[in-house]
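Summary of structural features
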Amino acid sequence: MMKVNQNKVLILLVLTILIGGCATVKQRTPLPEALSPMAEIPGISMTRFWGDEPVPYTEEWLQLPKAELQANYPAMFGKAHTYLAISGGGANGAFGAGLLLGWSARGDRPEFTIVTGISTGALTAPFAFLGSDYDVQLEEMYTTVSTKDIVRKRPLLEILTGDSAVSIEPLKNLLAKYVDRELMLAIAAEHRKGRRLWVGTTHLDAGRPMVWNIGRIASSENDKALDLIQKILLASASIPGAFPPVFFEVEAEGARYDEMHMDGGAASQVFLYPTGVDWSRLVEKLEVKDPPSAYIIRNSRLDPVWKTVKPKLAPIAGRTIDSLIRTQGLGDMYRIYLSAEQEGIDFNLAYIPGDFKEEPKEAFDPDYMGKLFDLGFRTAKSGDVWVKTAPGF
């Protein structure tokens, strides 16, 4: 038996080497680093900005006259501000979805001035942004799908010679179903009032976070806007290695190039607003009533979970990645909490409690997701879901 298995492995290795030489690899025209500051999506300007540096046009914005701000930002000027940030977490996004519906059922869910999302949070964010009228779609997405509705397995040789472990055609179809033209137009209408919907991806060539202004794209009237929004959400949720990367065509100095983007969680698990912005100055400029409130949904447990790890490559790698994601998420929350304290923003955090002991039987287990959804719904409806500090403070 051992000899037969060794022969199979040898044959597989030989085939991999032979096929690898003729494997289908996307021919790229990658954007040169020197051109990255001026790269734009063709036909739609100012669609995104780096997530780890100040937005370049912030100072010019802060110099706008009061009348222009009142006219262009009626939903932000002279109003109370409430911000929502939704983290990554894969199937654990069912917790955040249930929380939002429970909040609606409680009757005091606000209209959010700004909504941000990363990874599974990016899939939730458009519906959270548009409010309770879209709760039905949000519930369907997180309680009626399973792994087969998200990904399709690839043959072993295709995995070894390709760019990912699975095909995400099912997820593309799911996005096409829920993120349609009607939803895009609704986002555009809210964007014109001044509200903002931001989604984060990771620019792989740069190794940096990028934030996309979904509302600006939706209101651009570009005939490729809907496709672009779907691609951004797909990229934000595309787990590196497991899911294939998503390519975006960009234009710089009259030439076309491509950028490769993936899961926003590779750069950050959650973000509240652009880095380096003097938010207290912005709030003063907009004559915001009362201190703003920020709500952070962390679709994960915060406490470490003890698991005996088998001394094999896959379990060790998987456990290590889980640990990195958990600690990265903690770091993001510390950063947001300290920034909120500095800027006078009321901080509220929700996360999956440590006493939730269920384990999924597959990557997207509908039974597991249903229980998480119910947990989020119950705790939000009761009002006992938010804590006022980051863990450890």
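Quick note: structure is the one above.
Here goes a summary of the coordinates provided. Only a predicted model underlies this, so the values are computations on that prediction, with no experimental measurement involved.

Concerning the overall build of the protein chain
- A tally of helices and strands in the protein chain yields 14 helices and 11 strands.
- Burial status across the protein chain gives 49% buried among its 393 residues.
- In the protein chain, 78% of the contacts between residues at least 6 apart in sequence involve partners at least 24 apart.
- For the protein chain, the computed accessible surface area is about 19,200 Å², with 56% contributed by carbon and sulfur atoms.

Overview of the pairing of strand β2 (residues 82–86)
- In terms of residue burial, β2 counts as a mostly covered element, since 5 of its 5 residues are buried.
- Side chains of β2 alternate between two faces, with T82, L84 and I86 and Y83 and A85 buried alike.
- The pairing of β2 with strand β10 (residues 293–301) spans 5 bridges and is classified as parallel. Its bridge partner lying in β10, A85 is registered against I296.
- For β2 and strand β3 (residues 114–118), the ladder comprises 4 bridges, and the chain directions are parallel. Residue A85 lies in a different strand from β3, and its bridge partner there is T116.
- Between the parallel pair β2 and β3, the chain is carried across by helix α4 (residues 93–106), and the sense of this crossover is right-handed.

Examining the pattern of salt bridges
- For the coordinates displayed, the defined rule picks out 21 salt bridges.
- We note a salt bridge from D108 to R106, for which the minimum N-O separation is 3.0 Å.
- The exposure class assigned to R106 is partly exposed, which follows from its relative accessible area of 41%.
- Residues participating in the shared-partner salt-bridge network are R28, D205 and D258.

Looking at the environment of D332
- With respect to the helices and strands, the residue D332 is situated in helix α13 (residues 313–343).
- With 245 residues separating them in the primary sequence, D332 and S87 have C-alpha atoms 9.8 Å apart.
- Ignoring anything within four residues of it in the chain, the contact list for D332 reads S268, Q269 and V270.

With respect to helix α6 (residues 135–143)
- Where α6 is concerned, the buried positions are D135, L138, M141 and Y142. Looking straight down α6, one finds that the buried residues subtend no more than 125° of arc, so they occupy a single side.
- At its buried positions, α6 is contacted by α4, α5 (120–130), α8 (169–178) and α14 (366–382).

Observations concerning the packing of α5 against helix α9 (residues 181–192)
- One can describe the packing of α5 onto α9 by two numbers: an axis separation of 10 Å at closest approach and a directional angle of 60°. When the axes of α5 and α9 are compared, the pair comes out oblique. Viewed along their axes, α5 and α9 form a crossing whose handedness is left-handed. Together, P126, F127, F129 and L130 of α5 and L183, A186, I187 and E190 of α9 make up the contact between the two elements.
- Tallied by class, the residues present in the contact of α5 with α9 amount to 7 nonpolar, no polar and 1 charged.

Section: the environment of R109
- On the secondary structure map, R109 appears in the loop between α4 and β3.
- Not counting chain neighbours up to four residues away, the residues in contact with R109 comprise L100, W103, S104, F127, A128, G131, S132 and D135.
- Within the structure, R109 has its side chain in polar contact with the side chain of S104 (distance 2.8 Å).
- Polar contacts involving the side chain of R109 include one to the side chain of D135, which spans 3.0 Å.

Focus: α8
- Taken residue by residue, α8 has P170, L171, L174, L175 and Y178 as its buried positions. Projected down its long axis, α8 shows its buried positions confined to an angular sector of 140°, all on one face.

A look at the packing of aromatic side chains
- For the structure on display, the rule yields 11 aromatic pairs.
- Considering the side-chain rings of W61 and Y73, the 5.6 Å spacing of their centres and the 80° angle between planes classify their relative orientation as edge-to-face. Residue W61 is found in helix α2 (residues 58–62), and its partner Y73 is found in the loop between α3 (66–72) and β2; the two are separated by 12 residues along the sequence.
- A residue is classified by how much of its surface remains accessible, and W61, at 16% relative accessible area, is buried.
- A relative accessible area of 14% places Y73 in the buried class.
- Here Y337 and F347 contribute two aromatic rings whose centre-to-centre distance is 5.1 Å and whose plane-to-plane angle is 75°, an arrangement assigned as edge-to-face.

A short note on the nonpolar core
- Within the largest apolar cluster, 77 residues are counted, with the highest numbers of intra-cluster contacts made by L84, V115 and W212.
- The residues touching W212, leaving out its near neighbours within four places in the chain, are I41, T47, R48, L197, W198, V199, T201, I217, L228, I232, F248 and H261.
- Membership of the second largest hydrophobic core comes to 36 residues, among which are W61, V277, W279 and A390.

Considering the pairing of β10
- When you tally the buried positions in β10, you get 9 out of 9 residues, the bulk of the element.
- For the crossover that starts at β10, traverses α13 and ends in the parallel strand β11 (residues 346–352), the hand is right-handed.

Considering unusual backbone geometry
- Phi angles above zero are rare outside glycine, and E253 is one such case at about 50°.
- In this structure, E253 sits in the loop between β8 (246–252) and β9 (255–263).
- Looking at E253, the relative accessible area reads 66%, which means it is exposed.
- Phi is positive for D290, close to 65°, though the residue is something other than glycine.
- Assessed through its relative accessible area of 62%, D290 is described here as exposed.

About the criteria used
Residues numbered from 1 in each chain as written. Predicted model: local features only at pLDDT ≥ 70, side-chain atom pairs only at ≥ 80, totals over all residues. Heavy atoms only, no water. Helix = DSSP H or I, 4+ residues; strand = E, 2+ residues; numbered from the N terminus. Buried < 20%, exposed > 50% of the residue type's maximum accessible area, 1.4 Å probe, protein only. Contact = heavy atoms within 4.5 Å. Areas by Shrake-Rupley, 256 points an atom, 1.4 Å probe, with all protein chains shown as cover. Pairing = 2+ DSSP bridges. Right-handed = clockwise from strand over helix to strand, strands pointing away. Salt bridge = Lys/Arg side-chain N within 4 Å of Asp/Glu carboxyl O. Arc of directions from axis to C-beta. Axes fitted to C-alpha atoms, helices over the stretch in contact; angles between N-to-C directions. Parallel < 35°, antiparallel > 145°, perpendicular 65-115°, else oblique. Left-handed = near helix turned anticlockwise from the far one by under 90°. Nonpolar A, V, L, I, M, F, W, Y, C, P; charged D, E, K, R; others polar. Polar contact = N/O pair within 3.5 Å; in protein donor to acceptor, adjacent residues only side chain to side chain. Phe/Tyr/Trp six-rings, centres within 6.5 Å; stacked < 30°, edge-to-face > 60°. Core = buried A, V, L, I, M, F, W, Y, C linked by side-chain atoms within 4.5 Å.

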